Amino acid sequence: MKYALVTGGSRGIGRAVCEKLAEMGYNIIINYNSNETAAKETAALAEQHGVSTLLMKFDVANKEEVNSTLVEWMESNPENKIEILVNNAGFRKDALFMWMEEDLWQSVLDVNIAGFYNVTKPVFSKMLSNRYGRIVNVVSLSGIKGMPGQTNYSAAKAAVIGATKALAQEVGRAKITVNAVAPGFIKTDMTEGIEEKQYRSLIPLRRFGTAEEVADVVAFLSSEKASYVTGEVISINGGLHT
Ligand code: NAP
């Protein structure tokens, strides 16, 4: 049984990715942190494509939780292969650096960087022995350009970009590709409260993007068609460049 694991699959970009990968015929492991209702909705949407889904609740930043759910499942289901890992779970807590207390700094790094490590390490080890894998990391324009008010989030996403490029070089021989997508402004809960009208004039395509538009690129990078693409960061930002 071939599986795709999508962290933060309950809402937004993660949900759209779950649907696309289900359309490609993958069974989906939908990770979420707290919103079980939304995760169940994602599962219902993915199952419309005739695949099975598994809801897996863990906080990516919490290694013990990852071990007791994901690692435990992998050990008790050795016949099931996770071929695709989409590290999508993420969140932001913005403040100007001057006002950025340590918990704001640390919590954003914990989810976005430690989360990447905690989930990728066990999944990737199995991919190595299977000699096939697709890892796609959802980063951000902030990690490329840097955004005022987001030193924590920009630092975290930039770190994952570095990790993407390094890991891609380590594992190419095992037919594992590692890429990243860097969305700009995408309409999800994360951008609720950010006025599209206010930013439209800065974006050449004059609008925010949709989760589905990001998911299409993630799906391509997750497919066998992207077999010669690795270590790349693909921007999806309507032309809003640095
Ligand atoms: P969203 O709508 O806020 O959804 C966030 C998802 O991540 C939810 O499924 C949430 O689970 C999950 N999540 C958050 N913290 C988690 C944790 N500690 N452990 C496990 N799951 C966790 O966000 P989004 O806009 O879809 O963002 C998805 C990714 O794209 C993030 O990495 C974000 O940084 C990146 N991104 C987004 C934008 C944008 O404009 N939207 C731009 C650039 C980059 P629950 O439902 O359980 O809370």
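Remember, it's a predicted structure, so these values are computed and weren't measured experimentally. (Residues numbered from 1 in each chain as written. Predicted model: local features only at pLDDT ≥ 70, side-chain atom pairs only at ≥ 80, totals over all residues. Heavy atoms only, no water.)

### Here's the deal with the overall build of the protein
When helices and strands are counted, the protein shows 8 helices and 7 strands. The C-alpha atoms of the protein give 17 Å as radius of gyration, which agrees with the globular expectation for 242 residues (18 Å, within 12%). Seen through its principal axes, the protein has C-alpha atoms that stretch 50 × 40 × 35 Å. The contacts in the protein between residues at least 6 apart in sequence include a share of 72% that link residues at least 24 apart. Here the protein has roughly 11700 Å² of accessible surface; of this, 52% comes from carbon and sulfur atoms. Taken as two groups, the 25 positive and 27 negative side-chain charges of the protein have centres that lie 7 Å from each other. (Helix = DSSP H or I, 4+ residues; strand = E, 2+ residues; numbered from the N terminus. Rg over C-alpha atoms; globule rule 2.2 N^0.38 Å. Contact = heavy atoms within 4.5 Å. Areas by Shrake-Rupley, 256 points an atom, 1.4 Å probe, with all protein chains shown as cover. Lys, Arg positive; Asp, Glu negative; His and termini not counted. Charge placed at Lys NZ, Arg CZ, Asp CG, Glu CD.)

### A few points about the site of the ligand
Taken together, 31 residues sit near the ligand, with S10, S34, N88, Y153 and T188 positioned nearest. Here D59 contributes a side-chain N or O atom positioned 2.8 Å from a nitrogen atom of the ligand. Here an oxygen atom of the ligand and a side-chain polar atom of Y153 are 2.5 Å apart. Protein coverage of the free-state accessible area of the ligand, which is 900 Å², stands at 94%. Per-class residue counts for the shell around the ligand are 13 nonpolar, 14 polar and 4 charged. (Near = heavy atom within 4 Å. Polar contact = N/O pair within 3.5 Å; in protein donor to acceptor, adjacent residues only side chain to side chain. Nonpolar A, V, L, I, M, F, W, Y, C, P; charged D, E, K, R; others polar.)

### Digging into the nonpolar core
For soluble globular proteins, nonpolar side chains are generally found buried alongside one another. Core analysis: the largest hydrophobic core is formed by 30 residues, its most contacted members being L5, L70, I82, V119, V123 and I135. Listing elements by their share of this core, those giving two or more residues are strand 1 (2–6), helix 3 (63–76), strand 4 (81–87), helix 4 (102–130), helix 6 (151–171) and strand 6 (176–183). The biggest single contributor to this core is helix 4, with 6 residues. Apart from the residues lying within four places of it in its own chain, the contact partners of V123 are L5, L70, M74, I82 and L85. Membership of the second largest hydrophobic core comes to 29 residues, among which are C18, V138, A219 and I236. (Core = buried A, V, L, I, M, F, W, Y, C linked by side-chain atoms within 4.5 Å. Buried < 20%, exposed > 50% of the residue type's maximum accessible area, 1.4 Å probe, protein only.)

### Considering the pairing of strand 4
Across the 7 residues of strand 4, 6 count as buried, placing the element largely inside the fold. Relative to strand 4, strand 1 is paired through 5 bridges, and the arrangement is parallel. Note on strand 4: the bridge partner recorded for A4 is I84. The sheet contact formed by strand 4 and strand 5 (residues 133–138) spans 4 bridges and is parallel. The partner of I84 across the bridge, within strand 5, is R134. With respect to chirality, the unit in which strand 4 leads through helix 4 into the neighbouring parallel strand 5 is right-handed. (Pairing = 2+ DSSP bridges. Right-handed = clockwise from strand over helix to strand, strands pointing away.)

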